[in-house]
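Given next are the chains, with one letter for each unit.
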Amino acid sequence: MFQRSVVIAAILIMLSGLFIFPTAGEEKVIAIRAGKVHTVTGGIVEDGIILIKEGKFLAVGKGIDIPEGATVIDVPQGVVIPGLIDTHSHLGLGPSGGITEDNEMTSPATPGLRIIDSLHPRGLMPHQDSYLDAISEGVTTVIARPGSGNVIGGLSALIKLSGETVDEMVLRFPQDMKMAMGARGGLPGYPATRMGTAWTVRKAMNEAQEYADQWEEYRKEKEKNKDANPPKVDLDKEALLKVMKGELPVHIHCSPTVDILTALRLGEEFHFKKLSLGHATGAYKVADELAKQGVAVAVGPQMMVFDEEREELVNLADFLLRAGVKVSIITDADVVQQEFLRYQAAIAIKYGMDPEEALKAITIYPAQFVGAADRLGSIEEGKDADLVIFDGDPFDTMTQVLKVFINGKLVYEKKDES
Amino acid sequence: MKKKLSLSLIVVFALALLWVGVSAEQGVIAIKAGKILTITSGIIEDGIILIEKGKIIEVGKELPIPPQAIIIDASEYTVMPGMIEAHTTIGLRERFEPPSADETTDPCTPQLKVIDALNPFSRDIKEVVFGGITTALITPGRLNVIGGQPAVVKLTGTTISQMVLLEPAGVKISLGEGPKQAYGAKRKLPSTRMGSAYLVRKSLTDADYYLNQWKEYEKKKASDKEAKKPKLDLKLEPLAKLLEGKLTAFIECYRTDDIMTALRIIDEFKLKAVLVGCADGHKVADEIARRKIPVIISPMGVGPRRIETKDITIRNAGLLSQAGVKVVIHSDASLGVGAIRELPLAAAFAVKGGMDREEALKAITIHAAEILGVADRIGSIEKGKDADLVILSGDPFHYLTRVEQVFINGEIVFEKKEQN
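The structure displayed is predicted, hence computed values, not measured ones. (Residues numbered from 1 in each chain as written. Chains lettered and ligands numbered in written order. Predicted model: local features only at pLDDT ≥ 70, side-chain atom pairs only at ≥ 80, totals over all residues. Heavy atoms only, no water.)

Another point: the layout of surface pockets. Over the atoms, a rolled probe matching the size of one water molecule traces out where space is still vacant. There is about 1300 Å³ of room inside the second largest pocket. Surrounding the second largest pocket, 36 residues form its lining, Asp133, Ser136 and Tyr412 of chain A together with Thr313 and Ile314 of chain B being those nearest its centre. For the lining of the second largest pocket, the element with the most residues is helix H2 (residues 130-136) of chain A, which contributes four residues. Looking at the lining of the second largest pocket residue by residue, the classes come out as 15 nonpolar, eight polar and 13 charged. (1 Å grid on protein atoms, 1.4 Å probe; cavity = no way out; pocket = protein on both sides within 12 Å on 5 of 7 lines; lining within 4 Å. Points joined across faces, edges and corners; volume = space filled by probe spheres on them. Helix = DSSP H or I, 4+ residues; strand = E, 2+ residues; numbered from the N terminus. Nonpolar A, V, L, I, M, F, W, Y, C, P; charged D, E, K, R; others polar.)

Pasting the structure below:
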């Protein structure tokens, strides 16, 4: 009964779609006229115009001709920036420390797990609307990652925060392999020490190598003997094989300098392609090394690090950028809630980071970080039309988000209060 | 211009330190401030604050400055009272060690004192001072139904006795998910909300009996010198003081049902109480306001949301305050946006959510001092109060404003260093 009515409803919806959009051919152009446009890569345009067509930026600049029939959105006081990107999030995976969907803590190495199989496209209790809340503060793209409970957590995904299903949201999967350094202190079946953690990675990588060798042998054998028995497919090792071949980047959670150095060592040993670090509060002590090796750091949720020797606060994102390290600013949602990303950047600015750099650290730098700078991170012709319109300085606490677009579609609009 | 100014500040401070060194505690410090947010008597433009022996001895406009006073030129800056974090466990948690804010071997531990776990050298404490926070209520966590005795401490000093402003500052009680999770997992009372409420009620009833035994003894003693003294019970002593109204109950509760349970217990035992957490407070604002119970809240859930804080809204502080509740703002997380060091940001969020600016400023200064029972010493810039001051580069609620200097008891405890 229920099922039948669902089917009927579905058919009706589909039919009505046909009537509402009879000429689904060319989409209308959207023109946004705003007081200030931070293109991020092409400077600031005062009284700028942004044209959007079929989900992409068609043009941006001053005094651009608005095509006839375009939908015009006028926000004379509006400040526009590209949609914000967070390279380290656990959004929609349940509360950290609570009932969580991101830590499969039944074994310390679970490289075969796919985060998209845990993602809920709206968010889980107790924060069911976490996606909507994130969008309402201008966050449009995140890397959803397995947690750091496991040494090898599994495969991360790059997702846009709009879509009815996870599959609609995914921009790239797998994005990278998530690992985590540090001591785990005696959990049954888990390494207790830092050395144990490193060993877990080493062991898994060596086993993956053995597995690769078995397949290589099989291929050779097969040339001679058509009936040769293939080795068993192992999903965990297949995933690590991608890492080994350099097809999949690696992202490692680490905090103190000791863990950062271990991460670098493992990266060198196993030729991790595009190694990046998360949190890395001790990174400022080895910033030159990170810059030299081209290792990017996702800074957050802790923005300021207390240096005990000098008894002062280190502005981690700012420090690393000045040292030539690639940086993106993160929330580690929901250690800090996803919607507070712009305030994470504001804290870095408060303690001396250049506001333009801070804006880059939540837009174009993360776009480069995730290898999608051709589509994301700035307001440029041809890129995805992901943008946020504020009623003032995007970093000011009092500033409100007026509108948010993802792929050229309005996904959030501030309601008039009163 | 600014650089020049801070350079001259440094020179003045160098001289100041020299001078203080020479003449011990005799010196008067005069702060010439562009703007003084006194909190209790408005804003003074181009004012002067005179400090002697760790106290504010005068504040006003065009005050005569004693000839030998050390002058601190903050004429481009804003001065406000040291901020107060009204509910935190910093200093109880050491890195690389299990947290020691919850003695989870027994759900009722009113006998415990946080000062026995507080580390004056905790780097968390130092970091918080950098943000202009000068005093905190250090309290047991939220896992025990009765957690122990909090203390109000200044965030400077090498021994507990140097730090303490008020101890015990009350009794910490916790309802809702915390105790349920901690003891339910062990299949021990309380595994339910009614279990927690029962334990509070039972403990207070025991304390009432205990108190009466002592009262009777005191009565008997007058006529009978041989009267038998009741046994001193360290667990019931602080609870008896709660019943006598000599201590405040800090009751952590988030959901409306827990808030109402707290209010019921407050009514039943006529407690002097403060509600902590209160995420759903705005839904029962009138009930709280009617009883004149103050609240300590965080205006937004920065950190991981729990089941009991799932409905948290940025409008909570404003709605409670407009309903007539005395609202104190604290920070409920520890990282990034939620760092305790960024307390003014939490207050700014309250303003964004509809709280009056002046009220939000009071919520991290004088109102906090009042509900912690130390308003005679701190919370405003007034003659006779402790010289706990923060010199800021501008509006305390603006994200670009930096803390330039922090004073506790008239001494500089933080000074901004030049950029890298």
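This is not the end of the story, as more comes after the structure.
Residue and element names in this part refer to chain B. Applying the stated criterion to the full structure yields 56 salt bridges over all chains. Ionic pairing is found between aspartate 280 and lysine 283, a salt bridge with its closest N-O pair at 3.7 Å. By relative accessible area, which is 4% here, aspartate 280 ends up buried. For lysine 283, a relative accessible area of 45% corresponds to the partly exposed category. The partner of aspartate 386 in a salt bridge is arginine 377, with the nearest N and O atoms 2.9 Å apart. (Salt bridge = Lys/Arg side-chain N within 4 Å of Asp/Glu carboxyl O. Buried < 20%, exposed > 50% of the residue type's maximum accessible area, 1.4 Å probe, protein only.)

Moving on, we get to the packing of aromatic side chains. Residues and elements named next belong to chain B. The final tally for this structure, using the stated rule, is 12 aromatic pairs over all chains. Taking the centre distance of 5.7 Å and the plane angle of 90° together, the rings of tryptophan 214 and tyrosine 217 count as edge-to-face. Note that tryptophan 214 and tyrosine 217 are positioned in helix H5 (residues 193-223) at a spacing of three residues, about one turn of the helix. Accessibility expressed as a relative area gives 11% for tyrosine 217, which makes it buried. (Phe/Tyr/Trp six-rings, centres within 6.5 Å; stacked < 30°, edge-to-face > 60°.)

To continue, consider the domain arrangement of chain B. All names here are of chain B. Segmentation of chain B into domains returns domain 1 (1-81 + 381-420) and domain 2 (83-378). Distance between the C-alpha centres of domain 1 and domain 2: 32 Å. At the interface, 20 residues of domain 1 touch 26 residues of domain 2. Counting each side, the surface lost to burial between domain 1 and domain 2 is near 1900 Å², with a carbon and sulfur contribution of 68%. Interface area lost by domain 1 to domain 2 is led by Ile39, Lys385 and Phe397, which between them contribute 34%. Run the count over domain 1 and domain 2 and you get four salt bridges. Between the two partners, domain 1 and domain 2, sit eight residue pairs in polar contact (both at pLDDT 80 or more). Contributing elements (two or more residues each) for the side of domain 1 that touches domain 2: strand S4 (70-81), strand S16 (403-408) and strand S17 (411-415). Looking at the side of domain 1 that touches domain 2 element by element, the count peaks at four residues for S16. Taken together, the residues that form the side of domain 1 that touches domain 2 break down as 13 nonpolar, two polar and five charged. (Domains from an automatic or database assignment. Contact = heavy atoms within 4.5 Å. Buried area = accessible area lost by both parts, 1.4 Å probe. Polar contact = N/O pair within 3.5 Å; in protein donor to acceptor, adjacent residues only side chain to side chain.)

Buried within helix H4 (residues 177-184) of chain B we find Glu177, Gly178, Pro179, Ala182 and Tyr183 of chain B. Looking at the buried positions of H4 of chain B, the neighbouring elements they touch are strand S10 (171-174) and H5 of chain B.

Turning our eyes to something else, we now look at the environment of proline 168 of chain B. Residue and element names in this part refer to chain B. Relative to the elements of secondary structure, proline 168 occurs in the loop between strand S9 (164-166) and S10. In this structure, the C-alpha to C-alpha distance between proline 168 and isoleucine 340, residues 172 residues apart in sequence, is 22 Å. Among all residues touching proline 168, those that are not within four sequence positions of it are Lys113, Gln149, Pro150 and Leu247.

As a further point, take a negative patch on the surface. Residue and element names in this part refer to chain A. Taken together, the side chains of Glu210, Asp213, Glu217 and Glu221 make up a negatively charged region of the molecular surface. Tracing the backbone through its elements, the reader meets aspartate 213 in helix H4 (residues 194-224). A relative accessible area of 38% places aspartate 213 in the partly exposed class. (Patch = residues over 30% accessible without salt bridge, like charges linked within 9 Å, V, L, I, M, F, W, Y side chains within 5 Å. Areas by Shrake-Rupley, 256 points an atom, 1.4 Å probe, with all protein chains shown as cover. Lys, Arg positive; Asp, Glu negative; His and termini not counted. Charge placed at Lys NZ, Arg CZ, Asp CG, Glu CD.)

Each side of the interface is counted separately: chain A has 41 residues, and chain B has 32 residues. Surface buried jointly by chain A and chain B totals about 3400 Å² across both partners, of which 59% is contributed by carbon and sulfur atoms. Interface area lost by chain A to chain B is led by Phe306, Lys350 and Thr397 of chain A, which between them contribute 19%. Put simply, chain A and chain B have five salt bridges between them. Between glutamate 312 of chain A and lysine 417 of chain B there is a salt bridge, with its nearest N and O atoms 2.9 Å apart. Connecting chain A to chain B are 14 residue pairs in polar contact (both at pLDDT 80 or more). Put simply, the parts of the chain that give the side of chain A that touches chain B at least two residues each are strand S14 (304-307), strand S15 (312-315), helix H8 (316-322) and helix H9 (341-350) of chain A.

What follows is about the pairing of strand S11 (residues 250-254) of chain A. All names here are of chain A. Where burial is concerned, most of S11 is hidden: four out of the five residues are buried. Note: strand S10 (residues 177-180) against S11, four bridges, orientation parallel. Opposite methionine 177, over in S11, you have valine 250 as the bridge partner. With respect to chirality, the unit in which S11 leads through helix H6 (residues 257-269) into the neighbouring parallel strand S12 (residues 275-279) is right-handed. (Pairing = 2+ DSSP bridges. Right-handed = clockwise from strand over helix to strand, strands pointing away.)

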